[in-house]
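A closer look at the structure
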Amino acid sequence: RVSGAVDAIVLEYQIERGSHTQIDVTGASLSRRASDAIRSAWTHSVFDRFLEDEATRLARIDLVRAGFLEAQVRASMDRPRPDEKRLAVSVHPGARRTERGLGFQGNRFFSSRDLEARAEADGIELEAWLNPAALRQWLMDLYRSSGLLAARVRIDAVQFPTPASARLPVTIEEGPR
C-alpha cells in the first residue's frame, strides 16, 4: 500500500508466514556440510522440482566424498499437512570405497600424475564420479588449449579392482600436435 504526498512515499509490507519446512533424510546420514547446503538451496529455490534436483546433486556429492561412489539418491517434496512442506531425501549408499582414482591411459603430453593434480585442483575429479561427461569435456578442452586439436577422450564404466577401491578408466588418443 502506498500513501503520502508525491515527494514522500511510505511503503507498508504485510508478510504472511509460509509453510513449516522440514528435511527428512533416510537410508544414510549426510554430513553437516551437505545438510547446510541443502537447507541453503531451499532458501534460494524458486520451484520444488529445482530443489529436488539440487538436493539430489548435493547429497550425491557428499556421498562421493565419503566414498559411496554408487550411491543412489532421490529427493521429493510433499505436503504431509496443508501448513507443512517436507523435502524427503532417500539414500541408498551402496558399498563404501576407501580408494578411488582416475585411470589414465594413452596420455603422453601430460603425465597421469599431472592430469590427476590438475583435475583435483579444478574440482573435476569429484565431478567425474557424478558426471563422467564433465571430465571428458574438461580433458578435451585441456588438450585442445595445449595445441592437440585432434585429441579424443573415452571414459569407460567404473571398475572395482578390490572391494575397497574404484577406478574410472580414461583413454586418451592425443593425435598429432
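The structure reproduced in this document is the subject of the present report. Only a predicted model underlies this, so the values are computations on that prediction, with no experimental measurement involved.

**Description of the sheet that holds strand S7 (residues 152–155)**
A sheet is described by the order of its strands in space; here three strands give the open sequence S6-S8-S7, paired in mixed fashion. Looking at which strands have only one partner, the edges of the open sheet turn out to be strand S6 (99–105) and S7. Strand-to-strand twist across the sheet, computed as the mean angle between neighbouring axes with direction ignored, equals 20°. Sheet topology places S6 next to strand S8 (residues 165–173); seven bridges connect them, and they run parallel. By the bridge assignment, glycine 101 is partnered in S8 with arginine 167. Where helix H3 (residues 112–121) meets the sheet, its contacts fall on S6 and S8, and the angle it forms with S6 comes to roughly 125°. Packing of helix H5 (residues 132–145) onto the sheet brings it into contact with S6, S7 and S8, and relative to S7 it is tilted by some 160°.

**Some points on the pattern of salt bridges**
What the rule picks out here adds up to 16 salt bridges. Linking arginine 32 and aspartate 36 is a salt bridge whose minimum nitrogen-to-oxygen distance equals 3.9 Å. Placement of both arginine 32 and aspartate 36 in helix H1 (residues 32–44) is noted, with a separation of four residues, approximately one turn of the helix. The exposure class of arginine 32 is exposed, given its relative accessible area of 68%. Under the relative-accessibility criterion, aspartate 36 is labelled partly exposed at 34%. A salt bridge links arginine 97 to glutamate 70; the nearest nitrogen and oxygen atoms lie 2.8 Å apart. You can see arginine 97 sitting in the loop between strand S5 (84–92) and S6 and its partner glutamate 70 sitting in the loop between helix H2 (48–65) and strand S4 (72–78), a full 27 residues away along the chain. We classify arginine 97 as buried; its relative accessible area is 12%.

What counts and how
- Residues numbered from 1 in each chain as written.
- Predicted model: local features only at pLDDT ≥ 70, side-chain atom pairs only at ≥ 80, totals over all residues.
- Heavy atoms only, no water.
- Pairing = 2+ DSSP bridges.
- Helix = DSSP H or I, 4+ residues; strand = E, 2+ residues; numbered from the N terminus.
- Axes fitted to C-alpha atoms, helices over the stretch in contact; angles between N-to-C directions.
- Contact = heavy atoms within 4.5 Å.
- Salt bridge = Lys/Arg side-chain N within 4 Å of Asp/Glu carboxyl O.
- Buried < 20%, exposed > 50% of the residue type's maximum accessible area, 1.4 Å probe, protein only.

That is the geometry; function is a separate question.
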